[in-house]
Each structure stands twice: as C-alpha cells, then as structure tokens.
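Here is what each chain is made of, one letter per residue.
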Amino acid sequence: MKLSKASIEKLPLPATGQAFYRDDKLKGFAVRITASGSIAFVIEKRIEGKLRRYTLGKYPVVTVMQARKMAQIELGKIAQGIDTIKARQQTKRRHITLRIAYEDYTRTRKTLKATTLKNYNHMLQHFLSDWLNKPLTDLSKEMIEKRHAAIGKESPASANLTMRLLRAVFNYAIATYENEKGSSLIGDNPVKRLSQTRAWYKVARRDSVIKKHDLQAWYQGLCRLVDEQGGSERDRLLKDYFLFVLLTGLRRREAASLSWQQVDFNEKTVTIEDTKNGRKHILPLSSYLIELLQTLKEQSQPDSHFVFAADSRSGYIEEPRKTMWKITRLSGVEFTIHDLRRTFITIAESLDISVYALKRLLNHATANDVTAGYIILDVERLREPMQKITDYILKLMGIEASAKIMRLSEQLTAN
C-alpha cells in the first residue's frame, strides 16, 4: 500500500501486539501500529543477514511527507554502506548516563523510603559523582573493580553497598532500555565481575548489645548525665528516647518520629504505620512505658506533634550522637541506637518468649514460615510478654518495675 494520511487513518488496530504496513513505492519505509492505537513511522533493512529497524517518529507529530523524506535520506545512507541504524542505537546508548538511569530507577521504585533514598543519594554523590554523566556503556568491568577496591580502603561496607546499588541500576537499565526489536541497549551488567572474581568484601554483621551486667552502669550513666553534668532539656528528652527504644525494640527512626496521634492511652498501644517491611505495627505498652509517655505528654508543649520533639528540620530528634558519647564517658558502656534494639531482642529470647510472639513484637516478616501463617496473635496476647521483657530489663537496670516514672533529676533528688 502507498502510505498516506488517508490510508494510515483507515488502518485497523491489531488485536494484540503490533502490526507493520509497508510502503509500495519506497522499500524499507513502513508504519507500525499497536493495539493501543499508537502509530509510528519506521525504516527497516536487512543488514548482514539481520533485519534492522528503528523509529523515525510518531504520527501525527511527524507527517507522512516528513517521514518519507527522512526515510529516503536514511535508506540512502544504508545503500552507501553506512549503518545508520547501528549508529542511531549507539547514540541512544550513549544518551543513557548513570544519572539518567539512576533517576529513572528511583522514580520507578515507588516504595523507596525517604531514608533509603537519602542513603542512595549519599553513596552516589560521595563515591560515584565523577561517573554520573558517563554513559552506562562506558562503565567497564575493570572500572567497577578498581572503584570497589578504592572505596573499600575507606570502608568495605560502603564499597559493597555502593556496588550493590550500581548493580541494581544496571539491572533496571538492562530490562528497561530496549531497541525496536526488544533487545537491551545496555548489554551485560559489569558489576557481575565482583561476583565472578569473588571480590566482594566480607563484612561481619554487627551484633553488639549492652550486656546484662552493664545495663545498670548504662542506666546510671543516664542519671549522671542529667544530674552531675547539668544535662540540658534535650539530654533529658534523649534519656527518655533511649529508654523507649530499649524497652520497645523499635527501630531508631520509628521511635524518634513517633507522634502523639500514634499513641493510644486508652488501648495502651503505639501504632507504627511507616515500617521497614511496609506492614503496620501495633505494639502493646507495658505499664512503665505508659507512665513514661504520660509524663512526657504532661511536660510537652500544647502544640507539640511529636513525642520526642526537637528543634530540627524534621521536628523530632535526629542526631543523638553527642549525648551518646557523654553517656559512654559517664558509664563506661559503648552503645549505638541499634544496640538498644538488639539488647531488647536478646533479652526477650533469653526469657523463652515464643518465637512467633517475638516476631510480632519486632514486626519481623513470617512469610516463609508456614506455621506462622496459621497463628494470629492479637495485641492483647502480646501484652504479657511485653510486660515480662520490660520488668526484666528494669530489674537489670536496678529500677523497681512498679516505681512511678519521674524525670531522672527528680528521682535523684528524692533519693
């Protein structure tokens, strides 16, 4: 058929996939129409025994007359031995830089949390900033291997994390950027070299906790912080925050960003909506934690939104490291925020609490556990083990479980 505006607009839509209609007058000039109604002009030519095809433009943005002239020029070059299709694909490949692929990747991953995205951005800017405007196809296996080793001199863990991110971006690009035949424009993933040569660093998983016999010294460090050191209001709030994490096992940001709307004093629960696994987490509160939160509520500003409100960009506690160093100097016990969560887990396991109850308290996934799928633990059934864990930790810290919660300065004055 002769391709014209009238003939193109009469073309039927294919039931599925796509269909091609070729021009009788200019061999190699065709129009492609999809089941969704998209129409595009293409040229196609068999080069070295393989059918090659690429798109000239979409109709009606490109008219039939414009497309025909473009096709004549391109087909003429091919007749002279110039592989314009290959050159066009190479140009397209070079347009896909690391920056473009990364932005497309993170935009597609709609479930990425803000903290994860922040970490990704940091890794890219800190370790791969000089690669951002390079085409992905210019990043060789040798470059990957050398950069991994260079980052590893500073931090083996960061080297692994950065290259895992780069591997994910490459995998996304390989699956996403295709030519007209559906073949990938990128080719192989060069980060595979690290697996093939076994170059990944062996980074031991951190498993530190506050030992049971150190908990009393650690708690006394909290007390000394607000008494002997003239602790600021922020130090006092961080004291409550550290205790809250230790006695709930919540992750750092889950606890820090807790709002008063998430606390239900009637039901004696806190609800975490934005969790690591995306599943809502309702946690029962022990009597000590209820009193702790009630005291914080009484002392908070009337318009305060967050339980652990702070003068920060987010409005809640963000960087407690300086206060942690003070507590370490005063108590002799080193710790991180995640150590407090691990301490909660370790103590809970030592109390012979059901593994299923423990997973629910920590909001760990049980998808691969067939038995767990048949066990439904409601909040009230978790309250007893939660109280048991709290009472035992308080005992280890030298606090009476039934004691009324007071600001530490008040507690020390009373003593």
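Fair warning: this is a prediction, and the values are worked out from it, not measured in the lab.

With that settled, the discussion passes to the overall build of the chain. When you go through the chain residue by residue, the secondary structure sums to 17 helices and 7 strands. Expressed as a percentage of the 415 residues in the chain, the buried residues total 45%. A sequence separation of at least 24 residues applies to 61% of the contacts in the chain between residues at least 6 apart. Here the chain has roughly 23,100 Å² of accessible surface; of this, 50% comes from carbon and sulfur atoms.

Glancing now at the pattern of salt bridges. The final tally for this structure, using the stated rule, is 15 salt bridges. The structure contains a network of salt bridges with shared partners spanning Glu142, Glu145 and Arg193.

Under the criterion given, the structure shown has 10 aromatic pairs. Here the aromatic rings of Trp218 and Phe335 are separated by 5.7 Å at their centres, their planes lie at 85 degrees, and the arrangement is edge-to-face. Within this pair, whereas Trp218 is found in helix H9 (residues 215-227), its partner Phe335 is found in the loop between helix H13 (321-331) and helix H14 (337-350), the two being separated by 117 residues in sequence. Its relative accessible area of 7% is what places Phe335 among the buried residues. Aromatic side chains Phe306 and Tyr316 sit 5.0 Å apart centroid to centroid with 75 degrees between the ring planes, which places their arrangement in the edge-to-face category. Separated by 10 residues along the polypeptide, Phe306 in the loop between helix H12 (287-299) and H13 and Tyr316 in the loop between H12 and H13 bring together distant segments of the chain.

The next subject is the nonpolar core. Among the nonpolar cores identified, the biggest contains 62 residues, and Trp218, Tyr241, Phe242, Phe244 and Met397 are the most heavily contacted of them. With 9 residues, the single largest contributor to this core is helix H10 (residues 233-248). Each residue touching Phe242, except ones within four places of it in the same chain, is listed here: Trp218, Leu222, Pro320, Thr323, Met324, Ile327, Phe335, Ile337 and Leu340. Counting residues in hydrophobic clusters, the runner-up holds 31 residues, among them Leu98, Leu112, Leu124 and Ile144.

This next bit is on empty space enclosed by the protein. The full count for this structure, using the stated rule, is 2 cavities of 30 Å³ or more. Approximately 50 Å³ is the volume attributed to the largest cavity. Looking at the largest cavity, the residues that line it are Tyr241, Arg252, Arg253, Ala256, Ile317, Glu318 and Pro320. Classifying every residue of the lining of the largest cavity gives 4 nonpolar, no polar and 3 charged.

Turning to the sheet that holds strand S6 (residues 269-272), a few remarks are in order. Neighbouring strands of a sheet are bound in pairs by backbone hydrogen bonds; such pairs are parallel or else antiparallel. Taking strand neighbours across the sheet as the criterion, the 3 strands line up as S5-S6-S7 in an open arrangement whose pairing is antiparallel. Strands at the two margins of the open sheet, each flanked by one partner only, are strand S5 (263-264) and strand S7 (281-284).

Time to look at helix H7 (residues 156-176). An α-helical segment advances 3.6 residues per turn. Residues three or four places apart therefore align on the same side. Compared with the 30 Å implied by 1.5 Å per residue over 21 residues, the 30 Å span of H7 between its first and last C-alpha is a close match. Looking at H7, one finds that the buried residues are Ala159, Asn160, Thr162, Met163, Leu165, Leu166, Val169, Phe170, Tyr172 and Ala173. In this structure, the buried residues of H7 make contact with helix H4 (98-108), helix H5 (114-127), helix H6 (141-154) and helix H8 (192-196).

Right, let's get into the layout of surface pockets. The space that makes up the second largest pocket amounts to roughly 260 Å³. Leu237, Gln299, Ser300, Gln301 and Ala309 are the residues nearest the centre of the second largest pocket, which is lined by 12 residues in total. Elements represented by at least two residues in the lining of the second largest pocket include exactly H10 and H12. The residue inventory of the lining of the second largest pocket, partitioned by class, reads 5 nonpolar, 4 polar and 3 charged.

Taken as a whole, the chain shows an average pLDDT of 84; of its residues, 85% reach a score of 70 or greater. The low-confidence segment residues 402-415 (pLDDT under 50) makes 25 contacts with residues lying over four places distant or belonging to another chain.

With that settled, the discussion passes to the packing of H10 against H13. Two elements in contact, H10 and H13, have axes separated by 10 Å at closest approach and are oriented at 80 degrees. One finds that H10 runs roughly perpendicular with respect to H13. Between H10 and H13, the contacting residues are Arg234, Asp235, Leu238 and Phe242 on the first element and Thr323, Met324, Lys326 and Ile327 on the second. Of the residues contributing to the contact of H10 with H13, the split by class is 4 nonpolar, 1 polar and 3 charged.

Quick look at unusual backbone geometry now. What is expected of a backbone is that most residues other than glycine have negative phi and most peptide bonds are trans. Residue Pro60 follows Tyr59 across a cis peptide bond; omega there is 10 degrees. Checked against the element boundaries, Pro60 lands in the loop between strand S4 (50-58) and helix H2 (64-79). For Lys268, which is not glycine, the phi torsion reads 60 degrees and is therefore positive. The topology assignment puts Lys268 in the loop between S5 and S6.

Our next topic: H4. Regarding H4, the residues found buried are Leu98, Ala101, Tyr102, Asp104, Tyr105 and Thr106. Packing partners of the buried residues in H4 comprise H5 and H7.

Residue position: Glu254 is located in helix H11 (residues 252-256). Residue Glu254 is classed as buried on the basis of its relative accessible area, which comes to 9%. At a separation of 3.1 Å, a polar atom in the side chain of Glu254 contacts the main-chain amide nitrogen of Arg251. Excluding its chain neighbours within four sequence positions, the residues that come into contact with Glu254 are Ile272, Asp274, Thr275 and Lys276.

Relative to the elements of secondary structure, Tyr392 occurs in helix H16 (residues 379-397). Put simply, Tyr392 and Ala348 are 44 residues apart on the chain and 9.1 Å apart in space, counted from C-alpha to C-alpha. The residues touching Tyr392, leaving out its near neighbours within four places in the chain, are Lys212, Ile347, Ser350 and Leu351.

Each value, and the rule that gives it
Sequence order as written defines residue numbering, which begins from 1 separately in each chain. Selection of residues for local features in this predicted model requires a pLDDT of at least 70, selection of side-chain atom pairs for listing and counting requires 80 or more, and totals for whole chains, interfaces and linings are taken over all residues. To get the side-chain values, take all heavy atoms of the structure and skip hydrogens and water. Numbering of helices and strands runs from the N terminus; a helix is a DSSP stretch of H or I covering at least four residues, while a strand is a stretch of E covering at least two. Partly exposed describes any residue whose relative accessible area lies between the buried limit of under 20% and the exposed limit of over 50%, with all areas from a 1.4 Å probe on protein chains only and scaled to the type maximum. Throughout, a residue-residue contact means that at least one pair of heavy atoms, one from each residue, lies within 4.5 Å. The Shrake-Rupley method, run with a 1.4 Å probe, gives the accessible areas here. Residue values count only the displayed protein chains as cover. Salt bridge, as applied in this entry: a Lys or Arg side-chain nitrogen positioned within 4 Å of an Asp or Glu carboxyl oxygen. Two rings from Phe, Tyr or Trp (for Trp, the six-membered ring) form a pair when their centres sit within 6.5 Å of each other. Planes less than 30 degrees apart are called stacked, planes more than 60 degrees apart edge-to-face, and all others tilted. Each nonpolar core is a collection of buried residues, namely Ala, Val, Leu, Ile, Met, Phe, Trp, Tyr and Cys, held together in the definition by side-chain atoms within 4.5 Å. Using a grid of 1 Å spacing that covers the protein atoms alone, one calls a set of points a cavity when a 1.4 Å probe fits there but cannot get out, and a pocket when the set is open and has protein on both sides within 12 Å along at least five of seven lines; lining residues are those with an atom within 4 Å of a point. Grid points are joined across faces, edges and corners, and a volume is the space filled by probe spheres set on the points. Under the scheme applied here, ten amino acids are nonpolar (Ala, Val, Leu, Ile, Met, Phe, Trp, Tyr, Cys and Pro), four are charged (Asp, Glu, Lys and Arg), and all others, including Gly, are polar. What makes two strands pair is DSSP finding at least two bridges between them. Residue count minus one, scaled by 1.5 Å, sets the expected span of a helix. Residue-level confidence of the predictor is what pLDDT reports, using numbers from 0 through 100. Whenever a helix is involved, its axis is fitted only over the stretch in contact; in every case the axis is a line through C-alpha atoms, and angles between N-to-C directions fall within 0 to 180 degrees. When describing relative orientation, an angle under 35 degrees is termed roughly parallel and one over 145 degrees roughly antiparallel, while 65 to 115 degrees is termed roughly perpendicular and anything else oblique. Residues adjacent in sequence count toward polar contacts only when both atoms are side-chain atoms; beyond that, a polar contact is any pair of N or O atoms within 3.5 Å, and within protein one must be able to donate a hydrogen and the other to accept it.

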